[in-house]
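Remarks on the overall topology
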Amino acid sequence: MKRAVLGPVVLGLAWLTLGCSEQTATGDQQISLQLPPTYEKAQAEEYDGLGDTGYQLLDEGKTEEAVAAFTKQAGLIPAGKWGQYNLACAYGRTGNLEEGLAWLTKAVDNGWEDAGQLEGDGDLESLRSDARFAPLVAKAKANMEAAEAGFANGLPRYDRAPMTFADTSALDTWLEEQNAILGANRAVWHGSQYVAAKMDLEAKRLAALKELKKDDPTFDLGLERIEAISKLKSIWGPWGTLAKGVLKEVDTYLATNPGMEGQSQAHYRAGIAAFCETRPEDAKSPDWPAIERTARAHFTQVAAGTKYAGAAQAWLTSFELMNAGENRETVLPKIREFTAKFKDDKPAMNIAAAFFQGDVVASMWPIPIEAVDIDNNPVSLDQYKGRVVLVDFWATWCGPCRAELPHILAAYDAYKDKGFDILSISLDYADKTTPEAYRAWIAEKGMNKWRHVYDQKAWEGPLVEAYLVRGIPNPILIGRDGSLAAMGEDLRGENLAKAIEAALEKKGV
């Protein structure tokens, strides 16, 4: 099928066109940010759906039908990320080495840049021992470096807004439309393409906002640019070259001698960028000393009383935990002190939840549960006194949560008569899952044996906030006496049964 580049469907679409964005940097440097092609929503959704269909067929053992779906996907949008890669996975899963490597080569030649997925995807296991696999991983890394090279220069600079708006409301409406285009195309694009499109969109938004705010002395364009670029990637993964772009924006901004609040926010974002450039998992990383030194230098310049003072302290506390390694108990007094001081500071608690949720929850324990279940009956932890209860934050849309269900169902059947119970707390979205649909889903899976809380508030629910839940599945095991018995990875997979047995063995209420 002929590729359809999105035409005049959405207002202001010329801002998202195939080609380059003229980016004027400081001095005489000129940079071109390569923007990806955009596709109509229906075409992007069909492309994404073919991938889902293919894997469903593959899971059912219908390999030929799966290959047909993936072949159609690859033909629908030849420049798309997934079609050729999915064909490599299909052949890799069935052990067809030559076809698998042939399609994987095409995927990498087509721009595949996620070397980590190549090295970790179970469907490619049969291909990894072949001598041709390692060069493909190397080329994928090179693809990433080449695709993200322009990110080091920060956001594009538009001296004049490509479009003007009557007011900020009109700008917001346009931005929502543009983000809808990006959202639809994300299923087609490589990661670097999505980030490039977001960078350009943010630069144009800020250019338009600058025009609207030209008489507002409180508008700080330099700080807005730092905030915008530093939110393009999550702290859960490495930022790569984008981190250099953040640091460049910070240096440019700090050279203007901003006030204390502005300086502090800039240093805070710089600290995150310094850490996330490679995002080390622990202090054993060979480049950890240099990363910590640079990040710490920025975080310590976040002044007390400013917006991110508590969050900066959370980052510094996480560094101490990384350095402590298995001796993390030596840091627990500081965590208790941190929690007491910043428990009402949302930015601080967000970072704490990301890096040491269990320690914070333990320092605040007990954390009450006051809710209403799907049968409109009140729920509290007092109702479970004398029993071991698994409080499981989850959602029907969460793949890892669904993967845990066999272990959870087996544990319930094995231990329910010995004093074990479960309370599921759903983070499903109200606009996607009605209470009736939720009931049907849990009934089909056999999960209606225990109580469920579904307030339809997803990540904004009061229990999610109280327990610092920032990712799911997020299981918490509470002992007979109301004590915190275990949480997180200690309750995943086969660990669940072991933790339940240990908690049941403890006597008393």
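Residues numbered from 1 in each chain as written. Predicted model: local features only at pLDDT ≥ 70, side-chain atom pairs only at ≥ 80, totals over all residues. Heavy atoms only, no water.

We now examine the overall build of the chain. Summing up its helical and strand segments, the chain has 19 helices and 9 strands in all. Computed over its C-alpha atoms, the radius of gyration of the chain comes to 25 Å, within 12% of the 23 Å expected for a compact globule of 509 residues. Projecting the C-alpha coordinates of the chain onto the three principal axes gives extents of approximately 75 × 65 × 50 Å. Looking at the chain as a whole, 49% of its 509 residues qualify as buried. A fraction of 70% describes how many contacts in the chain between residues 6 or more apart in sequence connect residues 24 or more apart. As presented, the chain carries roughly 24000 Å² of accessible surface, and 51% of it is formed by carbon and sulfur atoms. One way to put it: in the chain the 55 positive side-chain charges average out to a point 2 Å from where the 73 negative ones average out. (Helix = DSSP H or I, 4+ residues; strand = E, 2+ residues; numbered from the N terminus. Rg over C-alpha atoms; globule rule 2.2 N^0.38 Å. Buried < 20%, exposed > 50% of the residue type's maximum accessible area, 1.4 Å probe, protein only. Contact = heavy atoms within 4.5 Å. Areas by Shrake-Rupley, 256 points an atom, 1.4 Å probe, with all protein chains shown as cover. Lys, Arg positive; Asp, Glu negative; His and termini not counted. Charge placed at Lys NZ, Arg CZ, Asp CG, Glu CD.)

Turning our attention to the sheet that holds strand E8 (residues 474-478). Read from one edge of the open sheet, 5 strands run E7-E6-E5-E8-E9, paired in mixed fashion. At either margin of the open sheet sits one strand with a lone partner, and together these are strand E7 (451-453) and strand E9 (484-487). Here the strands of the sheet are splayed against their neighbours by 20° on average, with no regard to which way each runs. Examined bridge by bridge, strand E5 (residues 388-394) and strand E6 (residues 420-426) share 7 bridges and lie parallel to one another. Bridge pairing in E6 links Val389 to Asp421. Contacting E8 and E9, helix H15 (residues 346-364) crosses the sheet at an angle of about 165° to E9. Sitting on the sheet, helix H16 (residues 399-415) is in contact with E5 and E6, with an inclination near 150° to E6. (Pairing = 2+ DSSP bridges. Axes fitted to C-alpha atoms, helices over the stretch in contact; angles between N-to-C directions.)

On to the pairing of E8, then. Most of E8 sits inside the fold, with 5 of its 5 residues counted as buried. Judged by which residues are buried, E8 turns out to be covered on both faces: Asn474, Ile476 and Ile478 on one side and Pro475 and Leu477 on the other are all buried. Bridge analysis of E5 against E8 gives 5 bridges, and the strand direction is antiparallel. Looking across to E8, one finds that Asp392 is bridged to Pro475. Bridge count between E8 and E9: 3 bridges; the pairing is antiparallel. Within E9, the position partnered with Ile478 by the bridge is Leu484. Hairpin connection between E8 and E9: a loop of 5 residues separates the two successive antiparallel strands, and Gly482 in this loop has a positive phi of roughly 85°.

Residue position: Asp200 is located in helix H8 (residues 191-212). Side-chain polar atoms of Asp200 contact the side chain of Tyr158, separated by 2.6 Å. (Polar contact = N/O pair within 3.5 Å; in protein donor to acceptor, adjacent residues only side chain to side chain.)

Per-residue confidence for the chain gives a mean pLDDT of 91; residues scoring 70 or more make up 93%. Within the model, pLDDT remains below 50 along residues 1-31, and this stretch shows 79 contacts once partners closer than five positions in the same chain are excluded. (pLDDT = per-residue confidence, 0-100.)

Attention now moves to the state of the cysteines. Covalent bonding between the sulfur atoms of two cysteines is what defines a disulfide. Under the criterion given, the structure shown has 1 disulfide. Between the sulfur of Cys398 and that of Cys401 lies a disulfide, 2.5 Å long from S to S. For the disulfide bridge between Cys398 and Cys401, the dihedral angle about the S-S bond is near 75°, and by the sign convention the bridge is right-handed. Judged by relative accessible area, which is 3%, Cys398 ranks as buried. A relative accessible area of 3% means that Cys401 is categorised as buried. (Disulfide = S-S within 2.5 Å.)

We now examine the pattern of salt bridges. Oppositely charged side chains can form a pair if their charged atoms are brought close together. Tallied over the entire structure, the rule returns 30 salt bridges. Residues Lys204 and Asp200 are paired through a salt bridge, measuring 2.5 Å at the closest nitrogen-oxygen approach. Taken together, the positions of Lys204 and Asp200, both in helix H8 and 4 residues apart, correspond to about one turn of that helix. As a salt-bridge pair, Lys214 and Glu211 come within 3.2 Å of each other at their nearest N and O atoms. Taken together, the shared-partner salt bridges in this structure form one network comprising Asp59, Arg93 and Asp123. (Salt bridge = Lys/Arg side-chain N within 4 Å of Asp/Glu carboxyl O.)

Moving on to the nonpolar core. Met199, Tyr268, Phe275, Phe299, Trp315 and Phe319 are the most contacted members of the largest nonpolar core, which has 79 residues in total. Here the element with the most residues in this core is H8; it accounts for 11 residues. Sequence-distant contacts of Met199, defined by excluding residues within four places in its chain, comprise Leu33, Phe151, Gly154, Leu155, Pro156, Ile229, Leu232 and Leu242. By size, the runner-up hydrophobic cluster in this structure holds 51 residues, among which are Val389, Leu390, Phe393 and Met487. (Core = buried A, V, L, I, M, F, W, Y, C linked by side-chain atoms within 4.5 Å.)

The next point concerns the packing of helix H9 (residues 221-230) against helix H10 (residues 241-254). In the contact formed by H9 and H10, the axes pass within 9 Å of each other and the chain directions differ by 170°. In terms of orientation, H9 and H10 fall into the roughly antiparallel class. For the pair H9 and H10, the contacting residues are Gly222, Leu223, Arg225, Ile226, Ile229 and Ser230 in the first and Leu242, Gly245, Val246, Glu249, Val250 and Tyr253 in the second. For the contact of H9 with H10, the class distribution of residues is 7 nonpolar, 3 polar and 2 charged. (Parallel < 35°, antiparallel > 145°, perpendicular 65-115°, else oblique. Nonpolar A, V, L, I, M, F, W, Y, C, P; charged D, E, K, R; others polar.)

Before going further, it helps to examine H9. Taking burial as the measure, the 10 residues of H9 include 7 buried ones, the bulk of the element. Taken together, the buried positions of H9 are Leu223, Arg225, Ile226, Glu227, Ala228, Ile229 and Ser230. Along its buried surface, H9 packs onto H8, H10 and helix H11 (260-276).

Bringing the packing of helix H1 (residues 41-59) against helix H3 (residues 83-93) into the picture now. Closest axis-to-axis distance for the H1/H3 pair is 11 Å, and the angle between their directions is 0°. Between H1 and H3, the crossing angle belongs to the class labelled roughly parallel. For the pair formed by H1 and H3, the contact residues are Tyr47, Gly51, Tyr55, Leu58 and Asp59 on the first element and Gly83, Asn86, Cys89, Ala90 and Arg93 on the second. In the contact of H1 with H3, the residues fall into 5 nonpolar, 3 polar and 2 charged.

Here the focus is the packing of aromatic side chains. If you walk through the whole model with that rule in mind, you get 26 aromatic pairs. Among the aromatic residues, ring-to-ring pairing joins Tyr268, Phe275, Trp288, Phe299, Tyr308, Trp315, Phe319 and Phe355 into one connected group. In this structure, Lys81 packs its charged tip against the face of Trp112, placed 5.1 Å from the ring centre. The aromatic ring of Tyr194 is capped on one face by Arg186, whose charged end is 3.9 Å from the ring centroid. (Phe/Tyr/Trp six-rings, centres within 6.5 Å; stacked < 30°, edge-to-face > 60°. Lys NZ or Arg CZ within 6 Å of the ring centre and 35° of its normal.)

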